[in-house]
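Structure assessment
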Amino acid sequence: GDSVTQMEGPVTLSEEAFLTINCTYTATGYPSLFWYVQYPGEGLQLLLKATKADDKGSNKGFEATYRKETTSFHLEKGSVQVSDSAVYFCALSDHDTNAGKSTFGDGTTLTVKP
Amino acid sequence: DTAVSQTPKYLVTQMGNDKSIKCEQNLGHDTMYWYKQDSKKFLKIMFSYNNKELIINETVPNRFSPKSPDKAHLNLHINSLELGDSAVYFCASSQSIFRDLNSPLHFGNGTRLTVT
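Overview of the structure.

Attention shifts here to the overall build of chain B. Scanning chain B from N- to C-terminus turns up zero helices and 11 strands. Relative to a compact globule of 116 residues, whose C-alpha radius of gyration would be 13 Å, chain B shows 13 Å and is just as compact. Counting only C-alpha atoms and orienting by the principal axes, one finds that chain B spans roughly 40 × 30 × 30 Å. With 116 residues in all, chain B has 47% of them scored as buried. Across chain B, the fraction of contacts at a sequence separation of at least 24, relative to all contacts at a separation of at least 6, is 57%. Counting every atom, chain B has about 5800 Å² of accessible surface; 47% of that belongs to carbon and sulfur.

Laid out in structure tokens, this is it:
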């Protein structure tokens, strides 16, 4: 079946540091890939997405590139802010199976210190 | 103008009780979901409905019964609550899974259920 593996957290960075959160996936079909962010006390919200190989999703300074050859979708940001502190989830939606069930990674907690 | 709203936000109850959580979306989406998030933030799908029809029913105890009176509402009723049911329950919606699998999920802000 489909699966998503994320870098284990928690991750603690200083403000303006470079962020990478690794995400790799296994899918039987041809998935779309997503990053969601969950701020404290809130639901998940879409951060960015990519629907085919070599697509780059970007939003709020975050980027991730759909790499089919390495089955990866790593999240990056060049300079993090305290306000980026949240839990980040990598997810996939498989076009060929699962009737639209999204598969989520375990989440990575990011804390940014001033 | 909240897109996906669920009530209540907090629910504290005793073991053995029956409780319901309500969810409504005003995005015009056809598909709605219930997810459970445990204390380690792990997210697990429970159910999904497309236009009032059950599509996904994961291995959830039959004490949990979803009901979708129309495509804008998906409620969750839980019978005989147990300690292990304590979690945050999220409702979500998306465009029809039969038309657009690129459509992201839109989540509500969650219901924190505590069973004592």
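What makes a disulfide is a covalent bond joining the sulfur atoms belonging to two cysteines. Counting across every chain of the model gives two disulfides over all chains. Bridging cysteine 23 of chain A to cysteine 90 of chain A, the disulfide has an S-S length of 2.0 Å. With the S-S bond torsion at -70 degrees, the cross-link from cysteine 23 of chain A to cysteine 90 of chain A turns out left-handed. Residue cysteine 23 of chain A is located in strand β4 (residues 23-26), and its partner cysteine 90 of chain A is located in strand β10 (residues 86-94); the two are separated by 67 residues in the primary sequence. In this structure, cysteine 23 of chain A and cysteine 90 of chain A share a single accessibility class: buried. Between cysteine 23 of chain B and cysteine 91 of chain B runs a disulfide, and the two sulfur atoms are separated by 1.8 Å. Here the S-S torsion is close to -80 degrees, and the disulfide linking cysteine 23 of chain B with cysteine 91 of chain B is therefore left-handed. Of this pair, cysteine 23 of chain B sits in strand β3 (residues 19-25) while cysteine 91 of chain B is found in strand β9 (residues 87-94), placing the two residues 68 residues apart along the sequence.

Interfaces are often sized by the accessible area lost when the parts come together. Contacts between the two partners involve 22 residues from chain B and, on the opposite side, 23 residues from chain A. In this structure, the connection of chain B to chain A is made through zero salt bridges. The tally of links between chain B and chain A comes to three residue pairs in polar contact (both at pLDDT 80 or more). Looking at the side of chain B that touches chain A, the elements with two or more residues in it are β4 (31-37), β5 (43-50) and β6 (53-57) of chain B. Looking at which element gives the most residues to the side of chain B that touches chain A, the answer is β4 of chain B, with three residues.

Tallied over the entire structure, the rule returns 12 aromatic pairs over all chains. Between the aromatic rings of tyrosine 33 of chain B and tyrosine 35 of chain B, the centroid separation amounts to 6.2 Å while the plane-to-plane angle is 40 degrees, which identifies the pairing as tilted. Of the two residues, tyrosine 33 of chain B and tyrosine 35 of chain B, both sit in the buried class. Sitting above the plane of the tyrosine 30 of chain A ring, lysine 68 of chain A keeps its charged end 5.4 Å from the centroid.

All names here are of chain A. Taking strand neighbours across the sheet as the criterion, the four strands line up as β3-β9-β8-β7 in an open arrangement whose pairing is antiparallel. A single partner strand is all that each edge strand has here, and the edge strands are β3 (19-21) and β7 (56-59). In this sheet, neighbouring strand axes are inclined to one another by 15 degrees on average, regardless of whether the strands run parallel or antiparallel. Two elements, strand β8 (residues 62-65) and strand β9 (residues 75-77), share three bridges in a ladder whose sense is antiparallel. When the bridges of β9 are listed, glutamate 63 appears paired with glutamate 76.

Parameters at a glance
Residues numbered from 1 in each chain as written. Chains lettered and ligands numbered in written order. Predicted model: local features only at pLDDT ≥ 70, side-chain atom pairs only at ≥ 80, totals over all residues. Heavy atoms only, no water. Helix = DSSP H or I, 4+ residues; strand = E, 2+ residues; numbered from the N terminus. Rg over C-alpha atoms; globule rule 2.2 N^0.38 Å. Buried < 20%, exposed > 50% of the residue type's maximum accessible area, 1.4 Å probe, protein only. Contact = heavy atoms within 4.5 Å. Areas by Shrake-Rupley, 256 points an atom, 1.4 Å probe, with all protein chains shown as cover. Disulfide = S-S within 2.5 Å. Salt bridge = Lys/Arg side-chain N within 4 Å of Asp/Glu carboxyl O. Polar contact = N/O pair within 3.5 Å; in protein donor to acceptor, adjacent residues only side chain to side chain. Phe/Tyr/Trp six-rings, centres within 6.5 Å; stacked < 30°, edge-to-face > 60°. Lys NZ or Arg CZ within 6 Å of the ring centre and 35° of its normal. Pairing = 2+ DSSP bridges. Axes fitted to C-alpha atoms, helices over the stretch in contact; angles between N-to-C directions.

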